[in-house]
Amino acid sequence: MLAGFGITSVPLALAIALIASCAIAALYGWTVERVAYRPLRGSFRLAPLISAIGMSIVLQNFVQVSQGARDLNLQPMIPGGFEVMRENGFIVQLSWMQVVITVVTLALLTLFTWLVTRTPLGRAMRACEQDLKMAGLLGIDTNRTISLTFVIGAILATVAGMLFLLYYGSINFFIGFSAGVKAFTAAVLGGIGSLPGAVLGGLAIGLIESFWSGYASVPYKNVAAFSVLVIVLIFMPSGLLGRADIEKV
Amino acid sequence: MSARPLPPAAMLRDAGLSALVALGLFVVLIGLKLTPTDAGMVLEQRWRALAIVVATVFVGRLLMLQWRVWRPASAPTPRVLAEALQRSGRWVAPLLLVVAVVLPLFSGRYVIDVGILVLTYVMLGWGLNIVVGLAGLLDLGYVAFYAVGAYSYALFSTTFHFGFWVTLPVAGLLAACWGVILGFPVLRLRGDYLAIVTLAFGEIIRVVLINWTSFTGGPNGVSDIPRPTLFGLKFNGSGDPDTFAVFFGVDYSITQRIMFLYYVILGLALLTNWVSLRLRRLPLGRAWEALREDEIACRALGIDVTVTKLTAFAIGATFGGFAGAFFATRQGFVSPESFTFTESALVLAIVVLGGLGSQLGVALAALVMIGGTEALRFVNDLLSSLGIQSDFDFTQYRMLVFGIALVVVMVMRPRGLVSGRVPSVALGQRTEIAAELVAQGRG
């Protein structure tokens, strides 16, 4: 997040910053799992949830206390773009930054799909999601799998955070809040547990928000996104591509 | 049970690893600080603070490992402690009540003001306790109902000039309606989904309050909200025949109004307590507690889960609405700023720390947390009055401490600091209930 000073080349600076912040975030993911989740496995239903809320409050306020509550701004690092089309004097432009975001997202998506569907770790992750106890009985190191999942999640969030900073040029300690709720909305809309569903849900949320901002009102764009969440939960609780959740006793 | 002592080398290695992790975690966020100034970013280096934190982690880990060895085998287990607290609860609760009733008679304005604040949170805590503690539905948007109540009173009183006592039930009713509106979409949801949706709901209400300027006044809020009256007697120094001071032939002082407000919130809080204690004995309350422990078993026993959940939301919301109306009349001013997620988290922390489901625990937690914050502010004032210039702002760390407390309580004592869960209704001897205890064959 803050590294990369003293280095003049932009790509090199970005790469170093990305690797450093991914490493730190991975450490955070691991520590959070170790401190706030692992001791609670097998505790009562609400315990991990409350602990998670507590942890998110801790992290947010820790950043606020240590880095201040004001917005931090960054000069655009990847300027410019190119013209896609011009018609009736209107120019449709695509900035390099938007290209970078799309490429990075697609690359990570491919990598992640491969990871979950093709690798032993992915198989172990899916097994743990379905039945933790059974996965453990079958010789999967469940603790290691869950830790790694947290690390991967943290790294993905870091990349998203860097893209956010580069694109919008301004961050504060609170950006994670609405991003988190929207990410969850996207996941629910697409169907929990389905990777293509999450992509579809993310796209849908983004489009709904943009169109809402364009044609209805900008201040209410978060309301629009959150309302989608509520409507989906009422009418299609399993999302667009999810499977119906059958609870076994 | 004492753990086997580790060899010193292993202990040192363990603590060293913890310190290394801490170093990695904090090297950027504590070691460096970016401050935006007019001339651009200024990078500040704080290696000393970093060293202190890492050293603290190292020593703390060593002590923790040593404590595991030293801890006497006969140390009171949490369960014994909980039982002791339960027994002492019999006289602690009435004692607290007596103190609460006589407090304003013997103290100044500042103490009464703090008392009002604490009681507001006690009431909110008891209200949320119905939803989270009894019915087991994690509601992260409780502040939305608080906001609905506050804005209901503010708008009814400034637009239609309704009095406090007329609007109070209306505010509660409106909040209950919103509780049901929130309840419907989340009926089929499991814990984590429910939490996020309630969180989003709280945000929606706040964003609407900020942006619907023509109705709510937007970020400027609603001001000049009338104060409550005592059977039509106002509390001001105007000398009118319908003021409290003139009617009773006493000199007017502002303390009278503050004291009146104090007793209003005390009454409201006790009403909340009384209603939830009574409800727990009704079939409805028993259904809530059953739902909290096992939803599937509830369905199998023929309990109407829909009605049970909706009533929990509605009744919890009603008390949130009452508290909101009181908040509006006490402040004389409401704005969306008062209804952020932080507030929801604070009330949740009170309920969790007090022990989900425990009335006394929630009251004690509110007293400690809200009173504690005020005490910290007092320490700050004391330091600066002694001439010690400290830029260390304790109140800034409040939420950080609450967050840590949430995690620590869940890890160490998930049933809360005070409560041992005892069923409201039992056949024969009362034993602790909990789904996981049953699963372990101890139920």
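This is a predicted model, so every value here is computed, not measured.

Colleague: So what about the overall build of chain A? Which residues, and what values?
Modeller: If you tally the helices and strands in chain A, you get nine helices and four strands. Beginning at the N terminus, the succession of helices and strands in chain A can be written as α-α-β-β-β-α-α-α-α-β-α-α-α. By its C-alpha atoms, chain A is 65 × 45 × 35 Å across when sized along the principal axes. Burial statistics for chain A: of 249 residues in total, 23% are counted as buried. Look at the contacts in chain A between residues 6 or more apart in sequence, and 53% of them connect residues 24 or more apart.

Colleague: How would you sum up the overall build of chain B? Please name residues and give values.
Modeller: A tally of helices and strands in chain B yields 17 helices and four strands. Classification of the 443 residues of chain B by burial places 40% in the buried group. Restricting to contacts in chain B with at least 6 residues of sequence separation, those with at least 24 account for 74%.

Colleague: Talk me through helix 14 (residues 341-354) of chain B; I want residue IDs and the actual numbers.
Modeller: Each turn of an α-helix holds 3.6 residues, which means side chains three or four residues apart point in the same direction. Residues and elements named next belong to chain B. In this model, helix 14 (14 residues) spans 20 Å end to end at C-alpha, consistent with the 20 Å of a helix rising 1.5 Å per residue. With twelve of 14 residues buried, helix 14 lies mostly within the body of the structure. Here helix 14 has its buried residues at Glu343, Ser344, Ala345, Leu346, Val347, Leu348, Ala349, Ile350, Val351, Val352, Leu353 and Gly354. Following helix 14 by one or two positions, Gly355 adopts a phi angle in the positive range, close to 105°.

Colleague: Give a description of the pairing of strand 3 (residues 90-95) of chain A that names residues and reports values.
Modeller: Residue and element names in this part refer to chain A. Here strand 3 lies mainly on the outside; zero of its six residues are buried. Sheet topology places strand 2 (residues 81-87) next to strand 3; six bridges connect them, and they run antiparallel. If you follow Met85 over to strand 3, its bridge partner there is Val92. With antiparallel pairing between neighbouring strands as the criterion, strand 2 and strand 3 make up a hairpin whose turn holds two residues, including Asn88 at a positive phi of roughly 50°.

Colleague: An account of the domain arrangement of chain A is needed here, citing residue identities and associated values.
Modeller: Residues and elements named next belong to chain A. Parsing chain A into structural domains produces domain 1 (1-173) and domain 2 (174-243). Taken residue by residue, the interface counts nine residues in domain 1 and six residues in domain 2. Of all the elements, helix 3 (residues 96-118) adds the most residues to the side of domain 1 that touches domain 2, at three residues. Of the residues assigned to the side of domain 1 that touches domain 2, the class counts are five nonpolar, three polar and one charged.

Colleague: With reference to specific residues and values, describe the interface of chain A and chain B.
Modeller: Size of an interface: often given as the accessible area lost when the parts come together. Across the boundary between the two partners, chain A contributes 48 residues, which contact 47 residues of chain B. Elements represented by at least two residues in the side of chain A that touches chain B include exactly helix 1 (10-37), helix 2 (47-67), strand 1 (72-73), helix 7 (175-190) and helix 9 (221-235) of chain A. It is helix 2 of chain A that contributes the most residues to the side of chain A that touches chain B, 15 residues altogether. Grouping the constituent residues of the side of chain A that touches chain B by class yields 34 nonpolar, eleven polar and three charged.

Colleague: Which residues make up the packing of helix 4 (residues 120-130) of chain A against helix 6 (residues 142-168) of chain A, and what values do they have?
Modeller: All names here are of chain A. Across the interface, helix 4 lies against helix 6 with an axial gap of 10 Å and an inter-helix angle of 105°. Here helix 4 is positioned roughly perpendicular relative to helix 6, judged by the angle of their axes. In this structure, helix 4 contributes Leu121, Ala124, Met125 and Cys128 to the contact, and helix 6 contributes Thr142, Thr145, Ile146, Leu148 and Thr149. Partitioned by chemical class, the residues of the contact of helix 4 with helix 6 number six nonpolar, three polar and no charged.

Colleague: Which residues make up helix 16 (residues 398-412) of chain B, and what values do they have?
Modeller: All names here are of chain B. For helix 16, spanning 15 residues, the distance from its first C-alpha to its last is 21 Å, which sits close to the expected 21 Å at 1.5 Å a residue. Taken residue by residue, helix 16 has Met399, Phe402, Gly403, Leu406, Val407, Val409 and Met410 as its buried positions. In a view along the axis of helix 16, the buried residues occupy a sector of 165°, so they form one face of it.

Colleague: I'd like a rundown of the environment of Leu270(B), residues and numbers included.
Modeller: Structurally, Leu270(B) can be placed in helix 10 (residues 254-281). Of the residues examined, Leu270(B) has 17 C-beta atoms within 10 Å and is grouped as partly exposed.

Colleague: Please set out the packing of helix 6 (residues 164-186) of chain B against helix 13 (residues 305-331) of chain B residue by residue, giving values where relevant.
Modeller: Residues and elements named next belong to chain B. One way to put it is that helix 6 packs onto helix 13 with a least axis distance of 7 Å and a crossing angle of 140°. In terms of orientation, helix 6 lies oblique with respect to helix 13. Considering the relative orientation of helix 6 and helix 13, their crossing is right-handed. For the contact of helix 6 with helix 13, a count of residues per class yields 15 nonpolar, ten polar and one charged.

Colleague: Account for unusual backbone geometry, naming residues and giving values.
Modeller: Residue and element names in this part refer to chain B. One non-glycine residue, His161, lies in the positive phi region at around 60°. Within the fold, His161 resides in the loop between helix 5 (142-159) and helix 6. Residue classification places His161 among the exposed positions, given that 8 C-beta atoms sit within 10 Å.

Colleague: Describe the environment of Gly193(A), naming the residues involved and giving the relevant values.
Modeller: Structurally, the position occupied by Gly193(A) is in the loop between helix 7 and helix 8 (195-215). The exposure class assigned to Gly193(A) is partly exposed, which follows from the 17 C-beta atoms found within 10 Å.

Colleague: Describe the confidence of the model for chain B, and please don't skip the residues or the numbers.
Modeller: Residues and elements named next belong to chain B. Across chain B, the average pLDDT comes to 79, with 82% of residues at 70 or higher. Mean pLDDT across the elements of chain B ranges from a minimum in helix 17 (residues 435-439), with 48, to a maximum in helix 13, with 92. Predicted confidence is poor over residues 438-443, with pLDDT under 50, and the contacts of this stretch with residues over four places away or in other chains come to four contacts. The ipTM value of the predicted complex is 0.78, and its pTM value is 0.81.

Colleague: Any details on the confidence of the model for chain A? Residues and values, ideally.
Modeller: The predicted model of chain A averages 79 in pLDDT, with 90% of residues at 70 or higher. A low-confidence stretch, residues 1-8 of chain A stays under pLDDT 50, and its non-local contacts, those more than four residues away or across chains, total 15 contacts.

Cut-offs used in this document
Residues numbered from 1 in each chain as written. Chains lettered and ligands numbered in written order. Predicted model: local features only at pLDDT ≥ 70, side-chain atom pairs only at ≥ 80, totals over all residues. Helix = DSSP H or I, 4+ residues; strand = E, 2+ residues; numbered from the N terminus. Buried ≥ 20, exposed ≤ 12 C-beta atoms within 10 Å, placed from the backbone. Contact = placed C-beta atoms within 7 Å. Expected span 1.5 Å × (residues − 1). Pairing = 2+ DSSP bridges. Domains from an automatic or database assignment. Nonpolar A, V, L, I, M, F, W, Y, C, P; charged D, E, K, R; others polar. Axes fitted to C-alpha atoms, helices over the stretch in contact; angles between N-to-C directions. Parallel < 35°, antiparallel > 145°, perpendicular 65-115°, else oblique. Arc of directions from axis to C-beta. Left-handed = near helix turned anticlockwise from the far one by under 90°. pLDDT = per-residue confidence, 0-100.

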